[in-house]
Amino acid sequence: MTKLIIDPVTRIEGHLRIETEIAGGKVTAAYSSGEMFRGFEQIMSGRDPLDAPIITQRICGVCPVSHAIASTSCLEDALKLQVPANGHLLKNLILGANYLQSHIMHFYQLSALDFLDVEAILAYNGNEPALRELKGWVEGELKSNHILPAAPFLPRISGKYPANHQWNTRLLKHYLEALEIRRESHKMAAIFGGKIPHVASVIPGGVTSGAGVGSIEDFRGRLRTIRRFIENSYLPDVMATAKQFPQYLKAGRGVQNFLSFGVFQEQNSLWLPGGTVTQGKFVPLDIDKISEDIGFSRYTNDSGGHPSNSKTQPEPHKANAYSWIKAPRYDNQSFEVGPLARMTVAYHADVQPVRERLDALLHEVGGKLSDLPSVFGRHATRALEASLVAERMENWLDNLVPGAISVANYTPSQEGRGVGLTEAPRGALGHWIEFKAGKITHYQCLVPSTWNFSPRDSYKRPGPVETAIEGAQVNETDRGLEVVRIVRSFDPCIACAVH
Ligand code: NFE
């Protein structure tokens with residue numbers, strides 16, 4: 001048996017350690033560990049409830065909008081505030097812009113370098129200014145005495161990368177373009193969010209920025225640029241990656257239980273519904289079935305349970321514990337969250353055009369619905385979701401009423417309790433609040449990467465990522481390239497997971 005430890009897993013948010021045991025070219029056991037404690041829930045204690053959306057957004061710079069929405073939603077629940085239609089539309093648009101930057105960045109900046117030979121840039125003789133500049137920079141870095149020359153491009157995990165020069169330079173060119181596209185989506189979020197990351201306009205009751213004709217059309221113009229990139233580069237590149245690496249239609253299956261809290265409030269319902277899918281069967285969500293287990297997490301034994309009344313008390317030296325991430329379970333089982341889960345739940349809940357577009361996507365790669373729980377399935381549903389969300393954003397823009405009220409009257413209260421559920425780019429996100437005498441007495445966050453990167457629970461059931469790695473075929477000389485391809489398909493944010 002060989003042990004392979006990847007610590008830290010690079011090109012992700014936060015600090016993740018993956019430990020694997022390998023025998024006969026297969027992973028026989030995998031352990032996912034979040035390597036730090038942050039304590040946002042403790043920070044909330046004793047504060048004014050209105051501080052919650054401002055502080056909890058700082059859990060992350062990649063998905064701050066989702067934390068703002070979850071936190072304001074739990075105050076809206078506690079204070080019985082009715083968000084006006086324009087308020088919901090603006091929240092959808094700011095969150096949609098955040099999804100687009102997050103999904104596109106995940107594929108190009110965080111994952112693509114595992115699927116292309118970045119050293120091909122050294123042999124580049126073409127005339128693209130951006131690629132020539134990149135080549136010159138990498139050459140200069142390699143000659144330097146820096147500890148990590150040419151990071152984040154080199155060094156990289158050794159392994160089998162494609163030799164096709166055209167493939168490598170096309171993906172690298174899109175890598176550079178994606179940086180500009182990310183800037184555009186940040187600008188979009190800032191139009192209605194006031195600023196980004198960490199929006200200023202999302203408050204309990206709605207969105208204070210309002211919507212004028214100028215801002216709507218400014219947003220729409222930028223959205224069109226991003227939609228062109230998604231349709232002409234992002235989706236085709238993901239599909240081409242599937243054809244180039246067909247083994248990833250099978251690798252990294254995971255627990256095959258999917259959960260979504262539902263997201264994007266429209267008139268009377270959520271556009272992407274909440275629910276679970278197990279063995280192809282859709283069941284509506286029952287949040288009483290959620291619990292957080294701490295059997296192998298570095299928290300006191302009374303820190304688990306339902307987030308509405310659980311606590312987060314660190315115990316750094318707890319025997320057998322190997323992670324700062326808790327282990328959320330639904331109905332006592334591990335559930336995967338994220339774009340694959342959202343698209344699977346929407347598909348089985350008969351949401352169009354999710355059904356139609358997902359069927360067409362699978363047809364294009366010669367895959368079946370049962371191939372979706374895989375490395376390919378996670379990248380493909382993320383790209384498909386970007387396309388569908390961007391398309392839906394045009395409707396939300398059309399439905400905005402310029403100048404109409406977008407925030408409810410706020411009536412303060414000295415006490416209350418509430419829950420706010422949403423979907424962050426990486427999956428199901430919930431915040432729970434309780435306050436008395438005008439001060440927060442309880443705050444808990446249940447976060448997407450906590451679900452996916454959870455360690456084993458008290459029953460020794462592995463978390464979703466651990467399950468996805470176990471059984472994977474690996475080339476022992478590759479030092480983990482196969483493993484990180486599986487891990488990154490989940491889009492880890494450990495800064496969020498340990499919050
Ligand atoms: Ni820090 Fe996040 C998203 C949330 S993941 S990125 O998406 O919530 O745990």
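Refer to the structure above for everything that follows.
These remarks concern the structure in this document. Keep in mind that this is a model prediction, so the values were computed, not measured.

Basis of the calculations
Residues numbered from 1 in each chain as written. Predicted model: local features only at pLDDT ≥ 70, side-chain atom pairs only at ≥ 80, totals over all residues. Heavy atoms only, no water. Helix = DSSP H or I, 4+ residues; strand = E, 2+ residues; numbered from the N terminus. Rg over C-alpha atoms; globule rule 2.2 N^0.38 Å. Buried < 20%, exposed > 50% of the residue type's maximum accessible area, 1.4 Å probe, protein only. Contact = heavy atoms within 4.5 Å. Lys, Arg positive; Asp, Glu negative; His and termini not counted. Charge placed at Lys NZ, Arg CZ, Asp CG, Glu CD. Near = heavy atom within 4 Å. Polar contact = N/O pair within 3.5 Å; in protein donor to acceptor, adjacent residues only side chain to side chain. Nonpolar A, V, L, I, M, F, W, Y, C, P; charged D, E, K, R; others polar. Donors = N, O, S within 2.8 Å, 3.2 Å for Na, K, Ca; no water. Tetrahedral: all angles 85-135°; square planar, octahedral: opposite > 155°, others 65-115°. Pairing = 2+ DSSP bridges. Axes fitted to C-alpha atoms, helices over the stretch in contact; angles between N-to-C directions. Parallel < 35°, antiparallel > 145°, perpendicular 65-115°, else oblique. Salt bridge = Lys/Arg side-chain N within 4 Å of Asp/Glu carboxyl O. Left-handed = near helix turned anticlockwise from the far one by under 90°.

**What to know about the overall build of the chain**
Now for step 1: When you go through the chain residue by residue, the secondary structure sums to 14 helices and 15 strands.
Now for step 2: Computed over C-alpha atoms, the radius of gyration of the chain comes to 22 Å, within 12% of the 23 Å expected from 2.2 N^0.38 for 499 residues, which places it in the range of a compact globule.
Now for step 3: Expressed as lengths along the three principal axes of its C-alpha atoms, the size of the chain is roughly 65 × 60 × 50 Å.
Now for step 4: Across the 499 residues in the chain, those meeting the buried criterion constitute 60%.
Now for step 5: Within the chain, counting contacts between residues at least 6 apart in sequence, those at least 24 apart form 72% of the total.
Now for step 6: With 52 positive and 52 negative side-chain charges, the chain shows a spacing of 2 Å between the two charge centroids.

**Regarding helix α13 (residues 481-489)**
Now for step 1: Across the 9 residues of α13, 9 count as buried, placing the element largely inside the fold.
Now for step 2: Residues of α13 that are buried: Leu-481, Glu-482, Val-483, Val-484, Arg-485, Ile-486, Val-487, Arg-488 and Ser-489.
Now for step 3: At its buried positions, α13 is contacted by β1 (2-6), β2 (16-23), β3 (26-34), α4 (85-111), α10 (375-399) and α12 (464-469).
Now for step 4: At the exit of α13 stands Asp-491, carrying a positive phi of roughly 60°.

**Here we look at the site of the ligand**
Now for step 1: Taken together, Cys-60, Cys-63, His-67, Ala-424, Pro-425, Arg-426, Leu-429, Val-447, Pro-448, Ser-449, Cys-493 and Cys-496 are the residues near the ligand.
Now for step 2: For the ligand, an oxygen atom lies 3.3 Å from a polar atom in the backbone of Pro-425.
Now for step 3: Backbone polar atom of Ser-449 to an oxygen atom of the ligand: 2.9 Å apart, as the coordinates give it.
Now for step 4: Looking at the shell around the ligand residue by residue, the classes come out as 9 nonpolar, 2 polar and 1 charged.

**Topic: the coordination of the nickel atom of the ligand**
Now for step 1: Looking at the metal site, the nickel atom of the ligand is ligated by Cys-60 (SG), Cys-493 (SG) and Cys-496 (SG), spaced 2.2 to 2.3 Å from it.
Now for step 2: Taken together, the 4 donor atoms coordinating the nickel atom of the ligand span angles of 107 to 114° at the metal, a pattern that classifies the geometry as tetrahedral.
Now for step 3: Within one chain, the residues donating to the nickel atom of the ligand are spaced in sequence as C-x432-C-x2-C.
Now for step 4: In this structure, the nickel atom of the ligand lies 3.2 Å from the iron atom of the ligand. Per residue, the accessibility class of Cys-493 equals that of Cys-496, and both read buried.

**Looking at the sheet that holds strand β9 (residues 275-278)**
Now for step 1: The strand order across the open sheet built from 3 strands is β6-β9-β10, with neighbouring strands paired in antiparallel fashion. Of all the strands in the sheet, the pair left with one neighbour each is β6 (257-260) and β10 (281-283). Going across the sheet, the axis of each strand differs from the next one's by a mean of 15°, ignoring polarity.
Now for step 2: Examined bridge by bridge, β6 and β9 share 4 bridges and lie antiparallel to one another. Bridge pairing in β9 places Asn-257 opposite Thr-278.
Now for step 3: Strands β6, β9 and β10 of the sheet are contacted by helix α8 (residues 339-348), whose axis makes an angle of about 90° with β6.

**Regarding the packing of helix α3 (residues 64-79) against α4**
Now for step 1: Closest axis-to-axis distance for the α3/α4 pair is 9 Å, and the angle between their directions is 150°. Taken as axis vectors, α3 and α4 run roughly antiparallel relative to one another. Between α3 and α4, the residues in contact are Pro-64, Val-65, Ser-66, Ile-69, Thr-72, Ser-73 and Glu-76 and Lys-91, Ile-94, Leu-95 and Asn-98, respectively.
Now for step 2: Across the contact of α3 with α4, the residue classes break down as 5 nonpolar, 4 polar and 2 charged.

**A word on the pattern of salt bridges**
Now for step 1: Within this structure, the stated rule accounts for 40 salt bridges.
Now for step 2: Notably, a salt bridge pairs Arg-47 with Asp-51, separated by 4.0 Å at the nearest N-O pair.
Now for step 3: We classify Arg-47 as partly exposed; its relative accessible area is 34%.
Now for step 4: Glu-364 is the partner of Lys-243 in a salt bridge, and the nearest nitrogen-oxygen pair spans 3.7 Å. Taken together, the positions of Lys-243 in helix α7 (residues 213-244) and Glu-364 in helix α9 (residues 354-365) put the pair 121 residues apart, joining distant regions of the chain.
Now for step 5: By sharing partners, the salt bridges in this structure join Glu-217, Arg-220, Arg-224, Arg-227, Glu-394 and Asp-398 into a single network.

**Thoughts on the packing of α7 against α10**
Now for step 1: The geometry of α7 relative to α10 is characterised by a closest axis approach of 10 Å and an angle of 160° between their N-to-C directions. Between α7 and α10, the angle is such that the two are roughly antiparallel. Our pair here, α7 against α10, has a crossing hand that is left-handed.
Now for step 2: Among the residues making up the contact of α7 with α10, the classes are represented as 17 nonpolar, 2 polar and 8 charged.

**Topic: unusual backbone geometry**
Now for step 1: Residue Pro-8 follows Asp-7 across a cis peptide bond; omega there is 0°.
Now for step 2: On the secondary structure map, Pro-8 appears in the loop between β1 and β2.
Now for step 3: A positive phi angle is found at Asn-332, which is not glycine, with a value near 70°.
Now for step 4: With respect to the helices and strands, Asn-332 occurs in the loop between β12 (327-330) and α8.
Now for step 5: With relative accessibility at 43%, the residue Asn-332 sits in the partly exposed group.
Now for step 6: With a phi close to 65°, Asp-350 is a non-glycine residue in the positive phi region.
Now for step 7: Of note, Asp-350 is situated in the loop between α8 and α9.

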